[in-house]
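Coordinate analysis (summary)
What follows is the residue order along each chain.
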Amino acid sequence: GHLQRATHDAILVGSGTALADNPSLTCRLPGLADRSPVRIILDRRLRLALDSDLVKTARQVPVWLVTGSQHPEDRLAAYRDHGLEVLTLASPEPQEILAALGQRGLTRLLVEGGSQVAAALLRAKLVDRLAWLRAGGILGGDGLPAVGDLALDQLADMQRFQLSSAQRLGGDYLETYRHLA
């Protein structure tokens, strides 16, 4: 995960992941700490806590908060006062989000979660590469899905990806796939 982060311009998570995990989303590999990407939180409802690790470290590693344009200015100002850049979009849907990030010079975006953000990007056909980390264990229906509903009517509608690399990481496996156009 840390090496993936070091090779991208930005890393994006949804507010659900930010709330559940309180992640820092920085690169902590020796010698690569200064390669930590911009951290982007998709938070339509402004649920990100001001005392979260992301907010507390925003002055050290940039944090961009992407939300809708309907929020009162004083609520947005609270995040700006902590050093976050706030992007308000009239329609914070996948295409608009990626267009806004591209306009700001970001071209390599790593999406680490959660399942709803992943599903939204896949439904919009905006994913060109998958990094799939597998462990030697099974959660079954008790766990959270890696990807939310994709609204597929039939198997033929499934997007296809081709394996491009595989490596063992301790007891886990990291596989990368590229989208078949």
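Preceding this paragraph is the structure being described.
Below or above, wherever it landed, is the structure these notes cover. Quick caveat, the model's predicted, so the values are computed rather than measured.

Focus on the side chain of S52
- With respect to the element layout, S52 can be found in the loop between β2 (38–42) and α3 (53–56).
- Judged by relative accessible area, S52 falls into the buried class, the value being 5%.
- Within the local environment of S52, its side chain forms a polar contact with the backbone oxygen of A49, the two atoms lying 2.9 Å apart.

Quick look at the sheet that holds strand β1 (residues 10–14)
- Judged by pairing direction, the sheet is parallel, and its five strands sit side by side in the order β4-β3-β2-β1-β5 without closing on themselves. The sheet is open, and its two edges are formed by β4 (85–89) and β5 (109–113), each paired on a single side. The average undirected angle you get between the axes of adjacent strands in this sheet is 25°.
- Of the strand pairs in this sheet, β1 and β5 are connected by four bridges, and their pairing is parallel. The residue bridging I11 from the neighbouring strand is L110, located in β5.
- Contacting β3 (63–68) and β4, helix α4 (residues 73–81) runs over the sheet at an angle of about 145° to β4.
- Here helix α6 (residues 115–123) sits on the sheet in contact with β1, β2 and β5, set at roughly 135° to β5.

Conventions and cut-offs
- Residues numbered from 1 in each chain as written.
- Predicted model: local features only at pLDDT ≥ 70, side-chain atom pairs only at ≥ 80, totals over all residues.
- Heavy atoms only, no water.
- Helix = DSSP H or I, 4+ residues; strand = E, 2+ residues; numbered from the N terminus.
- Buried < 20%, exposed > 50% of the residue type's maximum accessible area, 1.4 Å probe, protein only.
- Polar contact = N/O pair within 3.5 Å; in protein donor to acceptor, adjacent residues only side chain to side chain.
- Pairing = 2+ DSSP bridges.
- Axes fitted to C-alpha atoms, helices over the stretch in contact; angles between N-to-C directions.
- Contact = heavy atoms within 4.5 Å.

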